[in-house]
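Each chain is listed here by its residues.
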Amino acid sequence: MSASRTRHGPGGLTWLLFGRLTMTVANAALMLLAALVFMELETFGTFFVAVSLQVVVSRGVLLGLDQGVVRMHTAAQDRLEPVRAAVSISGGLGLAALLLGLLVAPLEPGSVPWPVILGVALGSVGSAWFDLGCAVVLARLRYRAAGLLTAAMPALRLVVTVAACAVTRNDSVLPIIAYGAATFAAGVVLLGAVVRRFGWHAGAAMFWRELHYTKWIGMSDAATVLSHALGLIVLKRLGEPSEAGRFAFAAQVVQIFFAVFVAFYQSLLPRAARLGELGNVPVFLRSGLRAAARLALACSAVALVTALVVPMVLSTLRPDLAGFVPGFLGLAAFALVMLFEAPLGVICQYLLRPRLQLLALLVRCAVVGGLALWLVPQRGAAGAGLAQFGGAIAGAAALVGLVMLALSEARRTRACAAS
């Protein structure tokens, strides 16, 4: 296989899939070990909440810079400036988050113990910095390096956290600090390598340009997280605790498909950023949609096998969870629709119009929420799954319309400029 194929073709997606799937497996293994071996139920609940908070806070520290730096790296005349600006923004936000965590931790607000606050602060900043470092590697089309880095960090974090669990009591929350500290160490090392290579001080014009651009991506990330969770939120809100538990389990099982989506999107983004002429977009879209169809077919097969096999295993281990399949199938269909959105989403980045993706995501959220309020009282978790799928279809249709209109406008603008 040639070097160019490894960097730009299917080999690039393979490495990113390897990284994302390894991350998903490592995170799932850690949660299972914590729940079944090392922690009491109440302690595990605290651990799970802390990990979830780290993900949410890290998105605020990252502020969409992981996607923005890939596009700005090719759009700017000086390719060093976008990286420096991203480091400055995320570095400043990260230091502020760390300082806030160090100030709040000793106060122990409410019933939250200080290790949870400190672990969330360390982990969220480390995760944001690590993701930014991986994005810089990806912007240079180093798919293999990005995939290996994505796999290595959660594997290291798994080892460190399990070691902390093994040497502490099963009701200790110190593993939360170990989890956050391992993530933080990986983020500091990778961001430090970026600073040594590219520097950190950017001009004011690029700083504000990148901040203005990535704020839309940051809001899109928040809308994406919300759209994933809306079915579960409505189930809990309407007082369906057992159905919510089964749907939450289904959401964990379906994470493998979301990992495939993220890897696919990441493989397309740097290629779209280098398309050059607008006339290259149709070829890129056809190629991307064909790849999405192949991935969706493979994921569909995995989903069907999962829906047949896992309930048989659960029927002896956890019969109360064996009815997770209807919600799982809805969530799996939701994830498969997202695969077809990926080429369209990266075209929004190519056009430097990330707000289009945000608009489509808001449509998705509105439809998921509305359908869930209608279907959940009648169908429970199955209704929540149907709501997720229906919202995905509506969001995808909105994205298709918005991208087609934007491409038509861009063609007219360039035709006028040429004449």
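K.L.:
Describe the overall build of the chain, listing the residues and the values that go with them.
P.N.:
A tally of regular secondary structure across the chain gives 15 helices and 0 strands. With the C-alpha coordinates aligned to their principal axes, the bounding extent of the chain is approximately 70 × 50 × 45 Å. Within the chain, buried positions represent 50% of all 419 residues. A separation threshold of at least 6 residues defines the contact pool for the chain, and within that pool the share at least 24 residues apart is 82%. By element, 70% of the accessible surface of the chain is carried by carbon and sulfur atoms, the whole surface being about 18800 Å². In the chain, 32 side chains carry a positive charge and 16 a negative one; their mean positions are 13 Å apart.

K.L.:
Lay out the pattern of salt bridges with the relevant residues and their values.
P.N.:
Applying the stated rule across the entire model yields 5 salt bridges. A salt bridge links arginine 59 to aspartate 131; its shortest N-O distance comes to 2.7 Å. Note that arginine 59 is positioned in helix α3 (residues 41–62) and aspartate 131 in helix α6 (residues 114–139), a separation of 72 residues in sequence. What makes arginine 59 partly exposed here is its relative accessible area of 22%.

K.L.:
Outline the packing of aromatic side chains, listing residues and values.
P.N.:
Applying the stated criterion across every chain, the model contains 9 aromatic pairs. Taking the centre distance of 5.2 Å and the plane angle of 80 degrees together, the rings of phenylalanine 207 and tryptophan 208 count as edge-to-face. Within the aromatic cluster, the residues linked to one another by ring pairs are Phe249, Phe257, Phe324 and Phe328.

K.L.:
Before we move on, can you summarise the packing of helix α11 (residues 255–273) against helix α12 (residues 281–317) with the specific residues and values?
P.N.:
Their axes nearest at 11 Å, the elements α11 and α12 cross at an angle of 165 degrees. Between α11 and α12, the angle falls in the class roughly antiparallel. Helix-helix and strand crossings are classified by hand; for α11 and α12 the assignment is right-handed. Contacts between α11 and α12 involve Phe257, Val260, Phe264, Leu268, Arg271 and Ala272 on the former and, on the latter, Phe284, Ser287, Gly288, Ala291, Ala292, Leu295, Cys299, Val302 and Ala303. Taken together, the residues of the contact of α11 with α12 break down into 12 nonpolar, 2 polar and 1 charged.

K.L.:
Describe the nonpolar core, naming the residues involved and giving the relevant values.
P.N.:
Counting residues in hydrophobic clusters, the biggest one holds 94 residues, and the most contacted among them are Phe264, Phe328, Leu339 and Ile347. For this core, the leading source of residues is helix α13 (residues 325–350), giving 16 residues. Leave out the neighbours within four places in its chain, and phenylalanine 264 touches Leu13, Gly288, Ala291, Ala292, Leu295, Leu339, Ala342 and Pro343. One finds Met39, Phe47, Val173 and Tyr179 within the second-largest nonpolar core, a separate group that totals 16 residues.

K.L.:
Account for the environment of alanine 251, naming residues and giving values.
P.N.:
Checked against the element boundaries, alanine 251 lands in helix α10 (residues 241–253). A relative accessible area of 21% means that alanine 251 is categorised as partly exposed. Each C-alpha atom of the pair alanine 251 and leucine 232 lies 8.8 Å from the other, and the pair is 19 residues apart in sequence.

K.L.:
Which residues make up the state of the cysteines, and what values go with them?
P.N.:
Tallied over the full model, the rule gives 0 disulfides. Here cysteine 365 is not disulfide-linked; the sulfur of cysteine 348 is the nearest cysteine sulfur, at 16 Å.

K.L.:
Residue-level account of the side chain of glutamine 67, with values.
P.N.:
In this fold, glutamine 67 is placed in helix α4 (residues 65–75). On the basis of relative accessible area, glutamine 67 is assigned to the buried category, the value being 13%. Side chain to side chain, glutamine 67 and tyrosine 265 meet in a polar contact 2.9 Å long.

K.L.:
Quick one: what's the story with the confidence of the model for the chain, residue by residue and with numbers?
P.N.:
With 92% of its residues at a pLDDT of 70 or more, the chain shows a mean pLDDT of 85. Low pLDDT, under 50, characterises residues 1–8; the predicted model gives this stretch 15 contacts beyond four residues in sequence or across chains.

K.L.:
So what about α13? Which residues, and what values?
P.N.:
Residue pairs three or four apart in sequence face the same way in an α-helix, which turns once every 3.6 residues. Under the 1.5 Å per step criterion, the end-to-end length of α13 is 38 Å for 26 residues, consistent within 8% with the ideal 38 Å. Along α13, the helix axis deviates most sharply at glutamate 341, where the bend reaches about 40 degrees; the proline proline 343 sits within four residues downstream. Buried residues dominate α13, accounting for 22 of its 26 residues. Immediately beyond the C-terminal end of α13, within one or two residues, lies leucine 352, with a positive phi of roughly 60 degrees.

K.L.:
How would you summarise unusual backbone geometry if you had to cite specific residues and measurements?
P.N.:
Phi is mostly negative for residues that are not glycine, and the peptide bonds are mostly trans. Here the phi dihedral of leucine 63 falls at roughly 55 degrees; this positive angle occurs in a residue that is not glycine. Position of leucine 63 among the secondary structure elements: in the loop between α3 and α4. Using a relative accessible area of 23% as the deciding quantity, one classes leucine 63 as partly exposed. One non-glycine residue, leucine 352, adopts positive backbone phi at about 60 degrees. Assignment of secondary structure puts leucine 352 in the loop between α13 and α14 (355–379).

K.L.:
Quick rundown of a nonpolar patch on the surface? Include the residues and the values.
P.N.:
Residues Val305, Leu308, Val309, Met312, Val313 and Leu317 make up a contiguous nonpolar surface patch of about 600 Å² in total accessible area. Along the chain, the position of leucine 317 falls in helix α12.

K.L.:
Kindly report on the packing of α11 against α13, identifying the contributing residues and their values.
P.N.:
Between α11 and α13, whose axes approach to 9 Å, the crossing angle comes to 10 degrees. Here α11 is positioned roughly parallel relative to α13, judged by the angle of their axes. Mapping the contact onto sequence places Phe257, Phe258, Val260, Phe261, Phe264, Tyr265, Leu268, Leu269 and Ala272 in α11 and Phe328, Ala332, Phe334, Ala335, Met338, Leu339, Ala342, Pro343, Gly345, Val346, Gln349 and Tyr350 in α13. Partitioning the contact of α11 with α13 into residue classes produces 19 nonpolar, 2 polar and no charged.

Calculation rules
- Residue positions within a chain follow its written sequence, with the count starting from 1.
- In keeping with the predicted nature of the model, local features appear solely for residues at pLDDT of at least 70, side-chain atom pairs appear and are counted solely at 80 or more, and the whole-chain, interface and lining totals rest on all residues.
- To get the side-chain values, all heavy atoms of the structure are used, and hydrogens and water are removed first.
- Note on conventions: DSSP H or I runs of at least 4 residues are helices, E runs of at least 2 residues are strands, and numbering of each starts at the N terminus.
- Partly exposed describes any residue whose relative accessible area lies between the buried limit of under 20% and the exposed limit of over 50%, with all areas from a 1.4 Å probe on protein chains only and scaled to the type maximum.
- The contact definition used throughout considers only heavy atoms, calling two residues in contact when any of these lie within 4.5 Å.
- Accessible areas in this description were obtained via Shrake-Rupley with a 1.4 Å probe; residue shielding takes into account the shown protein chains only.
- We score Asp and Glu as negative and Lys and Arg as positive, and we do not count His or the chain ends.
- All charge positions are set by atom: Lys at NZ, Arg at CZ, Asp at CG, Glu at CD.
- Criterion for a salt bridge: a side-chain nitrogen of Lys or Arg within 4 Å of a carboxyl oxygen of Asp or Glu.
- Pairs were defined over the aromatic rings of Phe, Tyr and Trp, the Trp ring being its six-membered one, requiring ring centres within 6.5 Å. Orientation was assigned from the angle between planes: stacked under 30 degrees, edge-to-face over 60, tilted for the rest.
- To obtain an axis, a line is fitted to C-alpha atoms, over the contacting stretch when the element is a helix, and the angle between two such axes runs from 0 to 180 degrees between their N-to-C directions.
- Here roughly perpendicular refers to angles of 65 to 115 degrees, roughly parallel to angles under 35, roughly antiparallel to angles over 145, and oblique to all remaining angles.
- Crossings are assigned a handedness: left-handed for a near helix turned anticlockwise from the far helix by less than a right angle, right-handed for a clockwise turn.
- Charged residues are taken to be Asp, Glu, Lys and Arg, nonpolar residues to be Ala, Val, Leu, Ile, Met, Phe, Trp, Tyr, Cys and Pro, and polar residues to be all remaining types, Gly included.
- Residues grouped as a nonpolar core are buried Ala, Val, Leu, Ile, Met, Phe, Trp, Tyr and Cys residues, joined through side-chain atoms within 4.5 Å.
- Note on disulfides: each one is a pair of cysteine sulfur atoms within 2.5 Å.
- Each polar contact in these results corresponds to two N or O atoms within 3.5 Å; when the atoms are within protein, one needs to be able to donate a hydrogen and the other to accept it, and residues that are neighboring in sequence are counted only if both atoms are side-chain atoms.
- One number per residue, pLDDT, summarises how confident the predictor is, and it ranges from 0 to 100.
- Each helix should span, by expectation, one fewer than its residue count multiplied by 1.5 Å.
- One fitted axis covers the seven residues ending at a residue, a second covers the seven starting there, and the bend at that residue is the angle between these axes.
- Two joining distances apply to patches: 9 Å for like charges and 5 Å for nonpolar side chains (Val, Leu, Ile, Met, Phe, Trp, Tyr), and every residue must have over 30% relative accessible area and no salt bridge.

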